[in-house]
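This is what each chain is made of:
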Amino acid sequence: MQCNGSCKTFKATNNSAEYGRYEQGQKRCPTCEIFIEWEGLWCPCCGRLLRTKPRARKLKNKLSLSRIR
Ligand SMILES: [Zn+2]
Ligand SMILES: [Zn+2]
């Protein structure tokens, strides 16, 4: 599903830093590219799984490992 604009209803208005947003319970939708205040795990707008934590280090490690020849 795609963004239909309804996420703006839940848009987080706090302007604090990104890490603070997650701590405040705000979540980011990678499809809508927006922080929303929503208790569920899934975006109420597009249905995508929301990010609840800052980027994990594991991903970076995987990437660097795959580059080793
Ligand atoms: Zn949306
Ligand atoms: Zn969304």
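Given the structure is predicted, the values throughout are model-derived calculations rather than measurements. (Residues numbered from 1 in each chain as written. Chains lettered and ligands numbered in written order. Predicted model: local features only at pLDDT ≥ 70, side-chain atom pairs only at ≥ 80, totals over all residues.)

J.: An account of the overall build of the chain is requested, with residue identities and associated values reported.
T.: For the chain, the helix and strand inventory stands at two helices and two strands. The burial tally for the chain puts 16% of its 69 residues in the buried class. Sequence-distant contacts in the chain: of pairs separated by 6 or more residues, those separated by 24 or more amount to 43%. (Helix = DSSP H or I, 4+ residues; strand = E, 2+ residues; numbered from the N terminus. Buried ≥ 20, exposed ≤ 12 C-beta atoms within 10 Å, placed from the backbone. Contact = placed C-beta atoms within 7 Å.)

J.: Before we move on, could you go through the environment of C3 and cite the residues and values that matter?
T.: Tracing the chain through its elements places C3 in the segment before helix 1 (18-23). Each C-alpha atom, one on C3 and one on C46, is 5.1 Å from the other, the two residues being 43 residues apart in sequence. In contact with C3, other than residues within four places in its own chain, are T31, C32, C45 and C46.

J.: I'd like a description of the pairing of strand 2 (residues 34-37), backed by residues and values.
T.: One ladder, built from four bridges, connects strand 1 (residues 26-29) with strand 2; its direction is antiparallel. Across the sheet, the residue bridging to K27 is I36, located in strand 2. (Pairing = 2+ DSSP bridges.)

J.: Please set out the nonpolar core residue by residue, giving values where relevant.
T.: In this structure, C7, C29, C32, F35, I36, W38, C43, C45 and L50 together form the largest nonpolar core, which totals nine residues. Not counting residues up to four positions away in its chain, the partners in contact with C43 are C7, C29, T31, C32, R48 and L50. (Core = buried A, V, L, I, M, F, W, Y, C linked by C-beta atoms within 7 Å.)

J.: Would you mind going over unusual backbone geometry in detail, with residue names and values included?
T.: Despite not being glycine, E33 has its phi angle at roughly 55 degrees, a positive value. Counting through the fold element by element, E33 comes out in the loop between strand 1 and strand 2. Take E33: there are 9 C-beta atoms within 10 Å of it, and that puts it in the exposed class.

J.: Could you give an account of the environment of L50, naming the residues involved and the relevant values?
T.: Among the structural elements, L50 can be located in the loop between strand 2 and helix 2 (57-67). When the 20 C-beta atoms within 10 Å are taken as the criterion, L50 is described as buried.

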